[in-house]
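Report on the structure
The lines below spell out each chain.
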Amino acid sequence: MSLRWLFPQANPDVIRFTVTPTASAKTVTLENLTAPCNCFIDWGDGERSAQIVSATSISHDYADTTPRQITIHGVLGGFWNSTVSSAGKTLVTSVDEINSRSLVSLAHTFRGCTALATLPATLDAPNIVDFSYAFYQCRSVTSALPALWLSHPNAAHAGCFTDCFKSLYGQYGTDRRREDYPLHRICDEEEAAAADFYD
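All values reported here derive from a predicted model rather than from experimental measurement. (Residues numbered from 1 in each chain as written. Predicted model: local features only at pLDDT ≥ 70, side-chain atom pairs only at ≥ 80, totals over all residues. Heavy atoms only, no water.)

Moving on, we come to the sheet that holds strand β1 (residues 14-19). The strand order across the open sheet built from five strands is β3-β2-β4-β1-β5, with neighbouring strands paired in antiparallel fashion. Looking at strand neighbours, the two that pair on one side only are β3 (56-61) and β5 (92-99), the edges of this open sheet. Along the sheet, successive strands turn relative to each other by an average axial angle of 30°, direction set aside. Of the strand pairs in this sheet, β1 and β5 are connected by six bridges, and their pairing is antiparallel. Residue pairing in the sheet places V14 in a bridge with N99 of β5. (Pairing = 2+ DSSP bridges. Helix = DSSP H or I, 4+ residues; strand = E, 2+ residues; numbered from the N terminus. Axes fitted to C-alpha atoms, helices over the stretch in contact; angles between N-to-C directions.)

Structure representation (structure tokens):
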């Protein structure tokens with residue numbers, strides 16, 4: 001009889017977010033998928049992409065206005081890492097899970113997702129090196145920042161947090177009390193390491 005060592009397998013990388021198509025906007029385009037790439041996308045309506053092994057862009061059309069959870073399974077360095085407003089970004093209503101060792105950038109990823117309201121309780125992506133403008137103009141967010149933003153190994157890199165959530169303060173004016181907004185308690189913790197959240 002032979003013996004085999006069984007080692008625990010690492011959790012596969014996964015990113016999940018929900019979109020709610022509208023009567024006039026039913027297309028989601030994931031642009032700027034960046035290396036490393038070895039993933040596929042479950043569009044949440046019974047359709048999934050082919051395996052993606054190189055930097056590219058990919059689109060999907062929904063048939064109705066039912067909310068759908070998009071899941072990126074596998075290795076991906078980043079997506080939507082551009083100032084360009086890609087089709088479908090305004091349809092994002094929640095970020096449900098980010099659990100990825102391959103994700104290295106959230107720069108501009110959810111920028112302009114004006115309907116985004118909910119964030120996950122935790123964010124497990126220890127190799128991210130750039131959070132710049134990650135949630136810029138996300139004016140509908142009501143939940144606090146994910147807990148692991150505080151303990152992220154790159155939290156001390158000021159560039160990672162440049163203007164993240166900036167407009168969540170800016171829309172009320174710089175004279176509004178920080179205590180009046182639910183993100184203040186976590187943003188205050190980052191202020192020593194991050195660039196100014198106000199203009």
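Read on for the rest.
Looking now at the side chain of H60. Its place among the elements puts H60 in strand β3. Separated by 2.8 Å, the side chains of H60 and D45 make a polar contact. (Polar contact = N/O pair within 3.5 Å; in protein donor to acceptor, adjacent residues only side chain to side chain.)

So, about the pattern of salt bridges. If you walk through the whole model with that rule in mind, you get three salt bridges. A salt bridge links R68 to D64, with the shortest nitrogen-to-oxygen separation between them at 3.3 Å. (Salt bridge = Lys/Arg side-chain N within 4 Å of Asp/Glu carboxyl O.)

The next subject is unusual backbone geometry. In this chain, A35 is followed by P36 through a cis amide linkage whose omega measures 0°. Mapped onto the fold, P36 is located in strand β2 (residues 27-42). The phi angle at W80 is positive, at roughly 55°, despite the residue not being glycine. Position of W80 among the secondary structure elements: in the loop between β4 (68-78) and β5. Here H108, not a glycine, exhibits a phi torsion of approximately 65°, which is positive. Summarising the element assignment, H108 is placed in the loop between β5 and α1 (148-151).

Across the six residues that make up β1, a large majority, five, are buried. As defined by bridge partners, β1 adjoins β4 across six bridges and the pair is classed as antiparallel. In the sheet register, R16 faces β4, and the bridge partner there is T71. (Buried < 20%, exposed > 50% of the residue type's maximum accessible area, 1.4 Å probe, protein only.)

This paragraph deals with the nonpolar core. Ranked by size, the top nonpolar core spans 36 residues in total, and within it F17, L30, F79, F110 and L116 carry the most contacts. Counting only elements with at least two residues in this core, the list comes to β1, β2, β4 and β5. Ranked by the residues each element gives to this core, the list is headed by β2, at six residues. Apart from residues lying up to four places away in sequence, L116 is in contact with V92, T93, S94, V95, F110, F135, C138, S140 and V141. (Core = buried A, V, L, I, M, F, W, Y, C linked by side-chain atoms within 4.5 Å. Contact = heavy atoms within 4.5 Å.)

Looking at the secondary structure, you find D13 in the segment before β1. Look at D13: it is buried, it has no salt bridge, and the nearest opposite charge is R101 at 5.9 Å. A distance of 3.3 Å separates a polar atom in the side chain of D13 from a polar atom in the side chain of S100. For D13, the side chain forms a polar contact with the main-chain nitrogen of R101, separated by 3.1 Å. In this view, D13 contacts I72, H73, G74, V75, N99, S100, R101 and S102; residues no more than four positions away in its chain are not counted. (Lys, Arg positive; Asp, Glu negative; His and termini not counted.)

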